[in-house]
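Breakdown of the fold
Chain residues, written in single-letter form:
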Amino acid sequence: MIDPADRGPVFDGVPIGRPATGALLDAGYRTLADLPADLEGLLALHGVGPKAVRLLRQAQAD
């Protein structure tokens, strides 16, 4: 589980960047398991871009 105070570039082991990590934490996500099934919806969060969604999708598949 991620410490909400840690706004580094890695979200639950996935290097998605500091803005995307912060956006996910602010939205209440703490782990990959917390993320919605449709990751495309995360693009609505300021700071989350297509690359972050692609990396998260790959991490979920692994």
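In what follows, the structure referred to is the one given above.
The sections below set out a description of the structure shown in this document. (Residues numbered from 1 in each chain as written. Predicted model: local features only at pLDDT ≥ 70, side-chain atom pairs only at ≥ 80, totals over all residues. Heavy atoms only, no water.)

A few words now on the nonpolar core. Ranked by size, the top nonpolar core spans 17 residues in total, and within it Phe-11, Ile-16, Leu-24, Leu-35, Leu-42, Val-48 and Leu-56 carry the most contacts. At the level of secondary structure, the elements contributing two or more residues to this core comprise α1 (18–26) and α2 (50–61). When near neighbours in sequence (up to four residues on either side) are disregarded, Leu-24 contacts Phe-11, Ile-16, Tyr-29, Arg-30, Leu-35, Leu-42, Leu-45, Val-48 and Leu-56. (Core = buried A, V, L, I, M, F, W, Y, C linked by side-chain atoms within 4.5 Å. Buried < 20%, exposed > 50% of the residue type's maximum accessible area, 1.4 Å probe, protein only. Helix = DSSP H or I, 4+ residues; strand = E, 2+ residues; numbered from the N terminus. Contact = heavy atoms within 4.5 Å.)

Here we take up α2. Taking 1.5 Å of rise per residue, 12 residues should cover 16 Å, and α2 covers 17 Å from first to last C-alpha, within 8% of that figure. All buried positions along α2 are accounted for by Ala-52, Val-53, Leu-55 and Leu-56. Considered in projection along α2, the buried side chains sweep an arc of 165° and stay on one side of the axis. Away from the buried face of α2 by more than 90 degrees, exposed residues Pro-50, Lys-51 and Ala-61 are located. The inward-facing, buried residues of α2 contact β1 (10–11), β2 (14–15) and α1. (Expected span 1.5 Å × (residues − 1). Arc of directions from axis to C-beta.)

Residue placement: Thr-21 occurs in helix α1. One polar contact links the side chain of Thr-21 to the main-chain carbonyl oxygen of Gly-17, over a distance of 3.0 Å. Sequence-distant contacts of Thr-21, that is, excluding residues within four places in its chain, are made with Asp-6, Gly-8, Pro-9, Val-10, Phe-11 and Ile-16. (Polar contact = N/O pair within 3.5 Å; in protein donor to acceptor, adjacent residues only side chain to side chain.)

What follows deals with the pattern of salt bridges. What the rule picks out here adds up to 2 salt bridges. Salt-bridge contacts for Arg-7 lead to Asp-26; the nearest nitrogen and oxygen are separated by 2.7 Å. Here Asp-26 lies in helix α1 and Arg-7 lies in the segment before β1, a separation of 19 residues in the sequence. By relative accessible area, which is 33% here, Arg-7 ends up partly exposed. A residue is classified by how much of its surface remains accessible, and Asp-26, at 59% relative accessible area, is exposed. (Salt bridge = Lys/Arg side-chain N within 4 Å of Asp/Glu carboxyl O.)

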